[in-house]
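Residue-level listing of the chains:
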Amino acid sequence: MRTLARRCNLRIKSSPISRRFSWTPRVLNENVEARHRASMQETTNVTAMDQLMRTIRESSDPKYYSVMPMRSSMLWSETLMNSVMKSNVSTLEPTASTSSVSLQERSMTDSFCEFTLPFSSDPTLLEEYTNASGGIRTGKLMENLDSLAGSIAYKHLLGPVAKLGSIQERGFYVVTAGIDRLDMLSSISSSRDLRLSGQVIYTGRSSMEIAVKIESLYPDGTAETALLGRFSMVCRNATTHKARPVNPLKVTTSSEQKLYDIGESLKIQRQDLNNRSLDRVPPSSEEAAQLHSFYLSMGHDDVLKKPNSVWMSETKLEKTMLMFPQERNVHQKIFGGYLMRLAYELGFANSTLFTRSQVRFLSLDGLSFARPVPIGSILRLTSQIIHVAPPNTVHVGVIANVVDVETGKEETTNEFRFTWMAYDHDGTHKVVRDVVPKTYTEAMYWLEGKRALDVGEVIRRMRETSRGT
């Protein structure tokens, strides 16, 4: 952080942020316009993807809609026995490199997957997804989406009619690198069936951009998009664990070309966002000024000026769990969708406690998978309120760490960012407290949270405008 502070042209004097930030006459180059353009492009992509994905579905063959299971069907006792047997035999020879193997092109329809959650006709299924207020558990839907994205990736690599088979037979495996966004575009009702679908929209050398959506189905046969998101998946060699080439994507129609272009732009945009991350570059002079002004107006020297505010460090909420084999995936690691649900539910609880009201999910603003979570490990989830946009929008960060029992050291496996909106029982907006950073690290969290909220606000505002026209 000291290096980052020097790049920001800030002088670090002591721990509290009021003394750590001291502005010098030299200001940094503004990147406000770049961020605004990115927000507008993000919104345009969301709207276009929603429409184009309907076109792909219409041209796909329903008999290939099936979803591959992403959870292991093998008994855990059998898995343990197989691992013991493998440890007693010599290591398998590395598989042949796929760089010299011609990979068959796939179309977007080849990877298209779809399944329905028939809540209106299956009360037993509805019971599994119902929350305390009678609505649908969004965390469980995230589990479904992660499984769907994995199935889409494997169908692209193996073909629409192939079976998943074992990792030894395939010679490769797929992991989720991250999720750019999941935006809630309309409310979800427990009285309507939900349709989950998606397909690969862009491929790199060893990566795949996957678009997914959830639609609410009405009795008259119409569908309304409730949630839209994008997953980034990467392929790895099963022996070397290095990048393994994926099948190139074949584009045959104008709609597919538009989706492909969106996928490519999203990948470039993600790389640009990573390059502009506050972990790598300093905030703009405008951001620095906003932070400084906010902090001076809210408090300093461990004293908050406004009663309706709280230090960011005081908003933490933790959960520590043992990772059981029942939640494993086909790679014998903890299923990523399960981790998403755990993080979502902890973030939901934290935002509810912080706002002292009901909250409604707006978006998952980012998710990164740094490393897999082993079965039997101890996982510590830590959530924190990192930004509040008046009057009632709350941005929450959740970090997942695997704890080494012998040393007590922790390794970060996942980072999640969520946004919720607070409201009163009568449905009106709830004015919530402000969260105030005290340290330099918290200040960077605060700015990253503001960036995410700004993008989400543009998407929701333009979505509402398009509905009204």
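Residues numbered from 1 in each chain as written. Predicted model: local features only at pLDDT ≥ 70, side-chain atom pairs only at ≥ 80, totals over all residues. Heavy atoms only, no water.

*Asks:* Just checking my understanding: could you explain the overall build of the chain for this structure?
*Replies:* When you go through the chain residue by residue, the secondary structure sums to 12 helices and 16 strands. The proportion of buried residues among the 469 residues of the chain is 51%. Long-range contacts, defined here as pairs at least 24 residues apart, represent 76% of the contacts in the chain between residues at least 6 apart. When the accessible surface of the chain is totalled, it reaches about 22200 Å², and 52% of it is carbon and sulfur. (Helix = DSSP H or I, 4+ residues; strand = E, 2+ residues; numbered from the N terminus. Buried < 20%, exposed > 50% of the residue type's maximum accessible area, 1.4 Å probe, protein only. Contact = heavy atoms within 4.5 Å. Areas by Shrake-Rupley, 256 points an atom, 1.4 Å probe, with all protein chains shown as cover.)

*Asks:* Help me understand the sheet that holds strand β12 (residues 358–369) in this model?
*Replies:* Across a sheet, strands are paired by hydrogen bonds formed along the backbone, either parallel or antiparallel in direction. Read across the open sheet, the 10 strands follow the order β2-β4-β5-β6-β3-β12-β15-β14-β13-β11; overall the sheet is antiparallel. Edge positions in the open sheet fall to β2 (113–117) and β11 (317–322), since each of these has one partner strand only. Averaged over neighbouring strand pairs, the angle between their axes works out to 25° when direction is ignored. (Pairing = 2+ DSSP bridges. Axes fitted to C-alpha atoms, helices over the stretch in contact; angles between N-to-C directions.)

*Asks:* Could you clarify how one ought to interpret helix α10 (residues 285–298) in this entry?
*Replies:* It helps to recall that an α-helix has 3.6 residues per turn; residues three or four apart then point in one direction. Counted at 1.5 Å a residue, the expected span for α10 with its 14 residues is 20 Å, and the 20 Å between its end C-alpha atoms agrees. For α10, the complete set of buried residues consists of Ser285, Glu287, Ala288, Leu291, Phe294, Tyr295 and Met298. (Expected span 1.5 Å × (residues − 1).)

*Asks:* Where do I start with the pattern of salt bridges in this structure?
*Replies:* Oppositely charged side chains are able to pair whenever their charged atoms sit close together. In total, this model carries 19 salt bridges according to the counting rule given. Between Glu209 and Arg270 there is a salt bridge, with its nearest N and O atoms 2.5 Å apart. With Glu209 in strand β5 (residues 207–217) and Arg270 in helix α9 (residues 254–275), this pair connects stretches of sequence that are 61 residues apart. A salt bridge links Glu410 to Arg380, with the nearest nitrogen and oxygen atoms 2.1 Å apart. Residue Glu410 is located in strand β15 (residues 410–423), and its partner Arg380 is located in strand β13 (residues 378–389); the two are separated by 30 residues in the primary sequence. With a relative accessible area of 34%, Glu410 lands in the partly exposed category. Assessed through its relative accessible area of 24%, Arg380 is described here as partly exposed. (Salt bridge = Lys/Arg side-chain N within 4 Å of Asp/Glu carboxyl O.)

*Asks:* Whenever I open this one, the pairing of strand β6 (residues 223–237) confuses me. Can you help?
*Replies:* When a strand is regular, its side chains alternate between the sheet's two faces. Of all 15 residues in β6, 12 are buried, a share of seventy percent or more. Examined bridge by bridge, strand β3 (residues 172–184) and β6 share 11 bridges and lie antiparallel to one another. Directly across from Leu182, in β6, lies its bridge partner Gly229. Bridge count between β5 and β6: 11 bridges; the pairing is antiparallel. Considered in β6, the bridge of Lys213 is made with Leu228.

*Asks:* How do you make sense of the environment of Met70 when you look at a structure like this?
*Replies:* Its location among the elements puts Met70 in the loop between α3 (32–59) and α4 (76–87). The exposure class assigned to Met70 is buried, which follows from its relative accessible area of 7%. Each C-alpha atom, one on Met70 and one on His331, is 8.7 Å from the other, the two residues being 261 residues apart in sequence. The residues contacting Met70, other than those within four sequence positions of it, are Ser147, Gly150, Ser151, Tyr154, Leu164, Asn329, Val330 and Phe335.

*Asks:* Looking at this structure, how should I read the confidence of the model for the chain?
*Replies:* Overall, the predicted model of the chain reaches an average pLDDT of 83, with 82% of residues at or above 70. Here residues 1–15 scores under 50 on pLDDT; set against residues more than four positions off or in separate chains, the count is 41 contacts. Ignoring residues within four places in sequence, the model shows residues 89–100, a span with pLDDT below 50, making 8 contacts including any to other chains. (pLDDT = per-residue confidence, 0-100.)

*Asks:* Looking at this model, I keep getting lost on the environment of Ser351. Mind explaining?
*Replies:* Here Ser351 is to be found in helix α11 (residues 336–355). Residue class for Ser351 comes out buried when judged on its relative accessible area of 0%. Counting along the chain gives 69 residues from Ser351 to Trp420, while the straight-line C-alpha distance between them is 7.2 Å. Ignoring any residue separated from it by four or fewer positions in sequence, one finds Ser351 in contact with Val359, Ile385, Val394, Val396 and Trp420.

*Asks:* For this particular structure, what's the right way to read the environment of Ala389?
*Replies:* If you trace the backbone, Ala389 turns up in strand β13. A relative accessible area of 23% places Ala389 in the partly exposed class. In this structure the C-alpha to C-alpha distance between Ala389 and Lys450, which are 61 residues apart in sequence, comes to 7.7 Å.

*Asks:* How do you make sense of the packing of aromatic side chains when you look at a structure like this?
*Replies:* By convention here, two paired aromatic rings are described through the distance between centres and the angle between planes. Throughout the structure, instances matching the rule amount to 13 aromatic pairs. Taking 6.3 Å as the distance between ring centres and 25° as the angle between the ring planes, the aromatic pair formed by Tyr154 and Phe172 counts as stacked. Here the residue Tyr154 occupies a position in helix α7 (residues 138–158), and Phe172 occupies one in strand β3, the gap between them amounting to 18 residues. For Phe172, a relative accessible area of 3% gives the class buried. Look at Tyr344 and Trp420: their rings are 5.3 Å apart centre to centre, the planes differ by 50°, and that puts the pair in the tilted class. Of this pair, Tyr344 sits in helix α11 while Trp420 is found in strand β15, placing the two residues 76 residues apart along the sequence. One exposure class covers both Tyr344 and Trp420, and it is buried. Of the aromatic side chains, those joined through ring pairs into one cluster are Tyr344, Phe348, Phe361, Phe416, Phe418 and Trp420. Against the face of Phe172 rests Arg170, its NZ or CZ located 5.9 Å from the ring centre. Cation over ring: Arg244 sits above Phe172, and NZ or CZ is 4.2 Å from the ring centre. (Phe/Tyr/Trp six-rings, centres within 6.5 Å; stacked < 30°, edge-to-face > 60°. Lys NZ or Arg CZ within 6 Å of the ring centre and 35° of its normal.)

*Asks:* I tried to follow the pairing of strand β14 (residues 393–403) on my own but got confused; where do I start?
*Replies:* Summarising burial for β14: 10 of the 11 residues are buried, a large majority. Where β13 lies against β14, 11 bridges are found, and the strand directions are antiparallel. For Ile378, the partnering residue across the bridge sits in β14 and is Val403. Between β13 and β14, which follow one another and run antiparallel, lie 3 residues. Relative to β15, β14 is paired through 11 bridges, and the arrangement is antiparallel. Considered in β15, the bridge of Gly397 is made with Arg417.

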